[in-house]
Amino acid sequence: MSKRPLEALTETMFYVLMSFRKRDLCGAEIADFVERKTCGRVRLGPGTLYTILAKFEEEQLIREVNVLGRKRTYRLTDKGRAL
């Protein structure tokens, strides 16, 4: 069974993607951005956040640019910026 490509962004996915507009970020920074941007209405748990990041990596919307211990930093790709 093949995985389907990303067809639409959920609200949470939109905010995660939007968080990368200005700089590279790690998971904690992304979660903080989303919570601030939505005035606390959207809070990302690690399971939700890392599922979204894995999907975005699979779709080549972001890429991992640095690993320091358990901290992973991601960057928006041209494809992600276009979306």
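Residues numbered from 1 in each chain as written. Predicted model: local features only at pLDDT ≥ 70, side-chain atom pairs only at ≥ 80, totals over all residues. Heavy atoms only, no water.

Our next topic: the packing of helix α1 (residues 11-19) against helix α3 (residues 46-58). Two numbers describe how α1 lies on α3: the axes approach to 11 Å, and their chain directions differ by 70°. As judged from the angle between their axes, α1 and α3 are roughly perpendicular. Seen from α1, the contacting residues are T12, M13, V16 and L17; seen from α3, they are T48, L49, I52, L53, K55 and F56. When its residues are assigned to classes, the contact of α1 with α3 shows seven nonpolar, two polar and one charged. (Axes fitted to C-alpha atoms, helices over the stretch in contact; angles between N-to-C directions. Helix = DSSP H or I, 4+ residues; strand = E, 2+ residues; numbered from the N terminus. Parallel < 35°, antiparallel > 145°, perpendicular 65-115°, else oblique. Contact = heavy atoms within 4.5 Å. Nonpolar A, V, L, I, M, F, W, Y, C, P; charged D, E, K, R; others polar.)

Looking now at the UniProt feature "domain: Transcription regulator PadR N-terminal" (unreviewed entry) in the protein. Per the UniProt annotation, the sites labelled "domain: Transcription regulator PadR N-terminal" (unreviewed entry) are residues 16-82. Across residues 16-82, helical content stands at 49% and strand content at 22%; the span's end C-alpha atoms are separated by 15 Å. (UniProt positions renumbered as here; feature names shortened; annotations may be inferred.)

Moving on: the sheet that holds strand β2 (residues 62-68). With antiparallel pairing, three strands are arranged side by side in an open sheet as β1-β3-β2. Pairing within the sheet leaves two strands with one partner each, and these edge strands are β1 (25-26) and β2. Strand direction decides the pairing type here: β1 and strand β3 (residues 71-76), joined by two bridges, are antiparallel. Paired with C26 across the two strands is T73, which belongs to β3. (Pairing = 2+ DSSP bridges.)

A volume near 200 Å³ is recorded for the largest pocket. Taken together, M18, S19, R21, K22, R23, L25, E29, D32, F33, R36 and K37 make up the full set of residues lining the largest pocket. Sorting the residues of the lining of the largest pocket by element identifies α1 and α2 (27-37) as the ones contributing at least two each. If you tally residues by element for the lining of the largest pocket, the top one is α2, at five residues. The residue makeup of the lining of the largest pocket, split by class, is three nonpolar, one polar and seven charged. (1 Å grid on protein atoms, 1.4 Å probe; cavity = no way out; pocket = protein on both sides within 12 Å on 5 of 7 lines; lining within 4 Å. Points joined across faces, edges and corners; volume = space filled by probe spheres on them.)

Under the definition given, this model contains seven salt bridges. E11 is the partner of R41 in a salt bridge, and the nearest nitrogen-oxygen pair spans 2.5 Å. With R41 in the loop between α2 and α3 and E11 in helix α1, the pair connects residues that are 30 residues apart, well separated along the chain. For R41, a relative accessible area of 52% translates into the label exposed. We note a salt bridge from K55 to E58, for which the minimum N-O separation is 3.7 Å. Within this pair, K55 and its partner E58 are both found in helix α3, separated by three residues, close to a single helical turn. (Salt bridge = Lys/Arg side-chain N within 4 Å of Asp/Glu carboxyl O. Buried < 20%, exposed > 50% of the residue type's maximum accessible area, 1.4 Å probe, protein only.)

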